[in-house]
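Observations on chain architecture
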Amino acid sequence: MMKSLITPLVTNDDGIYAPGILALTAALEREDLNPMVLAPDRERSSVGHAITLTRPLRVWSAIEGVYPMSIRAYCCDGTPSDCVVLGLDELVPEATWVLSGINNGPNLGDDLTYSGTVSAAMEGVILGRRAVAVSLDCHRDHERLHYEAAGEIVVRLLRRVIQSSLPSGVLLNVNIPNRPLAEMKGVMVTRQGKREYADKVTPLTDPFGRASYWVAGRPEDDLVEGSDVWAVAHGYVSVTPIHMDMTHYDSMMYLRDDGIEKETF
Ligand code: MN
């Protein structure tokens, strides 16, 4: 049933040979979903929604043997969002879904606008497709990465949402705890929470004695019940519906009440 309803374009921001996208593609292939892969040729995490305007892009086939023969897999020297534009405009215009991931690490709270994974799904929505971004809540100190379990969860969620009445323009941001299937607590529909970064800039000295700076930071979560950060911290698969409208509607009223529109020129 799914097969007739979905032709997925699969991308990510960790690069075409990352274990997460391989696990996602394998899970889709097991369901006979005929995924088509177009992903960056290298890691492009945290590039956000960037599109490459200043040079042409090249597309080539993935190294033979990494993906099953039955899967069309290409890489590109652009960003995740470049891959979605190229994929939907040139390579698979028939694709009705964009699946992005499975990202190595969570995309929660304030991560969303930095995330290449989520931005690629957003680009799919902008281009009129349905889209899901998927991330594994894994951390450096985790010994095992449960991408296979996450792939299985994506397939199960897709079965449910394919025929759902989600409005167009909405993507799903899915974050999956890094644990075996049997240890997942369940699925929770969540809202975007608060994840801020402390100590964003680390000053360093390069080998020539010059100052340099590493921008990264340590995440600090505000564990409010019902938020995405809370759900994965408590072992739930977090599903957040996201849309592009960043307008803060209450503030429109405040600005008008303050008389800003009375300004004359
Ligand atoms: Mn990434």
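Cut-offs used in this document
Counting starts from 1 at the beginning of each chain's written sequence and moves along it residue by residue. Thresholds applied to this predicted model are a pLDDT of at least 70 for local features of residues and 80 or more for the giving and counting of side-chain atom pairs; totals over whole chains, interfaces and linings are not thresholded and use all residues. Values reported for side chains reflect all heavy atoms of the structure, with hydrogen atoms and water molecules removed beforehand. The rule for donors is simple: an N, O or S atom within 2.8 Å of the metal counts, and for Na, K and Ca the reach is 3.2 Å. Water is not among the atoms, so a site may look short of donors. Working definition: helices are DSSP H or I runs of at least four residues, strands are E runs of at least two. Numbering for both runs from the N terminus. Three labels apply to residues, based on accessible area from a 1.4 Å probe with only protein chains included: buried if under 20% of the type maximum, exposed if over 50%, partly exposed otherwise in between. N or O atoms within 3.5 Å of each other form a polar contact, as long as, within protein, one can give a hydrogen and the other can take it, and as long as residues adjacent in sequence are counted only when both atoms are side-chain atoms. Any two residues whose heavy atoms approach within 4.5 Å are treated as being in contact. Pairing between two strands is assigned when DSSP locates at least 2 bridges connecting them. Only the contacting stretch of a helix is used when fitting its axis, a line to C-alpha atoms as for every element, and angles between N-to-C directions run 0 to 180 degrees. In this analysis, a patch consists of residues with relative accessible area above 30% that form no salt bridge, clustered at 9 Å for like charges and at 5 Å for the nonpolar side chains Val, Leu, Ile, Met, Phe, Trp and Tyr. Surface exposure here means Shrake-Rupley accessible area, sampled with a 1.4 Å probe, where a residue is shielded only by the protein chains that are shown. Salt bridge criterion: a side-chain nitrogen from Lys or Arg within 4 Å of a carboxyl oxygen from Asp or Glu.

In this section: the coordination of the manganese ion. Around the manganese ion, the protein supplies Asp 13 (OD), Asp 14 (OD), Ser 45 (OG) and Asn 103 (OD1) as donor atoms, at distances of 2.1 to 2.3 Å. Read N to C, the donor residues that coordinate the manganese ion are spaced as D-D-x30-S-x57-N. Taken together, the positions of Asp 14 in the loop between β1 (8-11) and α2 (19-30) and Asn 103 in strand β5 (residues 97-104) put the pair 89 residues apart, joining distant regions of the chain. Classification of Asp 14 by relative accessible area gives buried; the value is 14%. Given the relative accessible area of 6%, Asn 103 is considered buried.

Moving on, we come to the side chain of Glu 123. If you trace the backbone, Glu 123 turns up in helix α4 (residues 116-126). Within the local environment of Glu 123, its side chain forms a polar contact with the side chain of His 49, the two groups lying 2.6 Å apart. Setting aside anything within four residues of it in sequence, one finds Glu 123 in contact with His 49, Ser 81, Val 84 and Val 85.

The subject of this paragraph is the environment of Tyr 114. Locating Tyr 114 in the fold gives a position in the loop between β5 and α4. Taking the C-alpha atoms as reference points, Tyr 114 and Pro 219, 105 residues apart in sequence, are found 13 Å from one another. Not counting residues within four places of it along the chain, the set of residues in contact with Tyr 114 comprises Ser 46, Val 47, Gly 48 and Lys 200. Polar contacts involving the side chain of Tyr 114 include one to the side chain of Lys 200, which spans 3.3 Å.

The next subject is the environment of Leu 88. Relative to the assigned elements, Leu 88 resides in helix α3 (residues 80-91). It is 17 Å that separates the C-alpha atoms of Leu 88 and Ile 16, two residues lying 72 residues apart in sequence. Leu 88 has contacts with Leu 9, Pro 93, Ala 95, Val 98, Gly 124, Leu 127 and Arg 129, leaving out every residue within four places of it along the chain.

Spatially, the 9 strands line up as an open sheet ordered β3-β4-β2-β1-β5-β6-β7-β13-β8, and their pairing is mixed. Across the chains shown, the open sheet's two edge strands, defined by having one partner strand only, are β3 (59-61) and β8 (186-189). Neighbour to neighbour, the strand axes of the sheet diverge by 25° on average, direction disregarded. Bridge count for β1 against β5 is 4 bridges, and the pairing is parallel. For Pro 8, the partnering residue across the bridge sits in β5 and is Trp 97. Relative to strand β2 (residues 36-40), α3 is tilted by about 145°, and along the sheet it contacts β1, β2, β3, β4 (72-76) and β5.

Quick look at a nonpolar patch on the surface now. Together, Tyr 17, Ile 63 and Val 66 make up a nonpolar patch on the protein surface, roughly 250 Å² of accessible area in all. Residue placement: Val 66 occurs in the loop between β3 and β4. Exposure remark for Val 66: the relative accessible area of 33% places this residue in the partly exposed category.

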